[in-house]
2 protein chains.
Amino acid sequence: MKAVVHVFLKPGVLDVQGKAVQTALHGLGWDDVDHVRVGRVIEFDIVGDDSAAARTRVEAMCDRLLANPVIEGYRVEIAA
Amino acid sequence: MKAVVHVFLKPGVLDVQGKAVQTALHGLGWDDVDHVRVGRVIEFDIVGDDSAAARTRVEAMCDRLLANPVIEGYRVEIAA
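Residues numbered from 1 in each chain as written. Chains lettered and ligands numbered in written order. Predicted model: local features only at pLDDT ≥ 70, side-chain atom pairs only at ≥ 80, totals over all residues. Heavy atoms only, no water.

Caption draft 1: The relation of the copies chain A and chain B, seen in detail. For the pair chain A and chain B, the best superposition has an RMSD of 0.0 Å and corresponds to a rotation of 180° with a translation of 0.0 Å parallel to the axis. In symmetry terms, the pair is related by a two-fold rotation axis. It is R40(A) whose C-alpha, among those of chain A, lies nearest the rotation axis, at 2.2 Å. Interface overlap between copies is the fraction of interface residues in one copy that are interface residues in the other; for chain A against chain B it reaches 100%, indicating a shared surface. (Least-squares fit on C-alpha atoms with pLDDT ≥ 70 in both. Contact = heavy atoms within 4.5 Å.)

Caption draft 2: A look at the environment of D63(A). Residue and element names in this part refer to chain A. Position of D63 among the secondary structure elements: in helix 2 (residues 51-66). Here the alpha-carbon distance between D63 and Y74, two residues eleven residues apart in the chain, equals 9.2 Å. Discounting residues that sit within four places of it in the chain, D63 has contacts with P69 and Y74. (Helix = DSSP H or I, 4+ residues; strand = E, 2+ residues; numbered from the N terminus.)

Caption draft 3: A look at the pattern of salt bridges. Applying the stated criterion to the full structure yields eight salt bridges over all chains. The salt bridge partner of R57(B) is D32(A), with a shortest N-O separation of 2.8 Å. Highlighted residues: R57(B) in helix 2 (residues 51-66) and D32(A) in the loop between helix 1 (16-27) and strand 2 (34-45), drawn from two different chains. By relative accessible area, which is 26% here, R57(B) ends up partly exposed. (Salt bridge = Lys/Arg side-chain N within 4 Å of Asp/Glu carboxyl O. Buried < 20%, exposed > 50% of the residue type's maximum accessible area, 1.4 Å probe, protein only.)

Caption draft 4: Broad picture of helix 1 (residues 16-27) of chain B. In a regular helix each residue adds 1.5 Å, so twelve residues correspond to 16 Å; helix 1 of chain B covers 16 Å between its end C-alpha atoms and thus fits that length. Along helix 1 of chain B, the residues classified as buried are G18(B), V21(B), Q22(B) and L25(B). An end-on view of helix 1 of chain B places all buried positions within 100° of arc, on one side of the element. More than 90 degrees from the buried face of helix 1 of chain B, the exposed residues found are V16(B), T23(B) and G27(B). At its buried positions, helix 1 of chain B is contacted by strand 2 and helix 2 of chain A together with strand 2 (34-45) of chain B. The opening residue of helix 1 of chain B, the one whose side-chain oxygen lies 3.3 Å from the backbone nitrogen of Q17(B), is D15(B). At the exit of helix 1 of chain B stands G29(B), carrying a positive phi of roughly 105°. (Expected span 1.5 Å × (residues − 1). Arc of directions from axis to C-beta. Polar contact = N/O pair within 3.5 Å; in protein donor to acceptor, adjacent residues only side chain to side chain.)

Caption draft 5: Representation of helix 2 of chain B in the model. If you check helix 2 of chain B, its first and last C-alpha atoms are just 19 Å apart, much less than what 16 residues at 1.5 Å a residue would give, namely 22 Å. Every buried residue belonging to helix 2 of chain B is among A54(B), V58(B), M61(B), C62(B) and L66(B), and all of these are buried. Taken around the axis of helix 2 of chain B, the buried residues stretch over an arc of 105°, which confines them to a single face. Of the exposed residues in helix 2 of chain B, those oriented more than 90 degrees away from the buried face are A52(B), T56(B) and R64(B). On its buried side, helix 2 of chain B packs onto helix 1 of chain A together with strand 1 (2-9), strand 2 and strand 3 (72-79) of chain B. The opening residue of helix 2 of chain B is D50(B), an N-cap whose side-chain oxygen sits 3.0 Å from the backbone nitrogen of A52(B).

Caption draft 6: Expanded view of the side chain of D15(B). All names here are of chain B. Its place among the elements puts D15 in the loop between strand 1 and helix 1. Buried D15, no salt bridge; nearest opposite-charge side chain is R37, N-O distance 4.2 Å. A polar contact is formed between the side chain of D15 and the backbone nitrogen of G18, at a distance of 2.8 Å. Once you skip the residues sitting within four places of it in the chain, D15 turns out to touch L9, V36, R37 and V38. (Lys, Arg positive; Asp, Glu negative; His and termini not counted.)

Right, dumping it as structure tokens:
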């Protein structure tokens, strides 16, 4: 199965990378760009047929390694 | 409108960050995880009603700033 994990800073946490991208886009003339947020996507294959069980395992991976639960949230997608 | 840009290393380009994540997951006991790829997501708001025009503009942003076209590919999603 294929797992896709989106990791984003929680709302309210200053996204310095997003701010830098926004400033650069404005500097290139795209002035109307706003609310830029930069996150990570982690894609991988896992063995198993049960998507609910796979989701539980991937959430454990997020809590232990893939995301920083203090400042980041995540969203897990499981595809066959 | 809301734009979401996914940026990934092209197939065949060594993803050192993905390799590091994979090694760490194996070390934590998730041995069956394979083919880990780490990418970026950039989300932002843009002004306008025409989604085709918005897509063209966002693709120009990718080519000029958001992605490195030598080693990275990107996918653009535009939502109302």
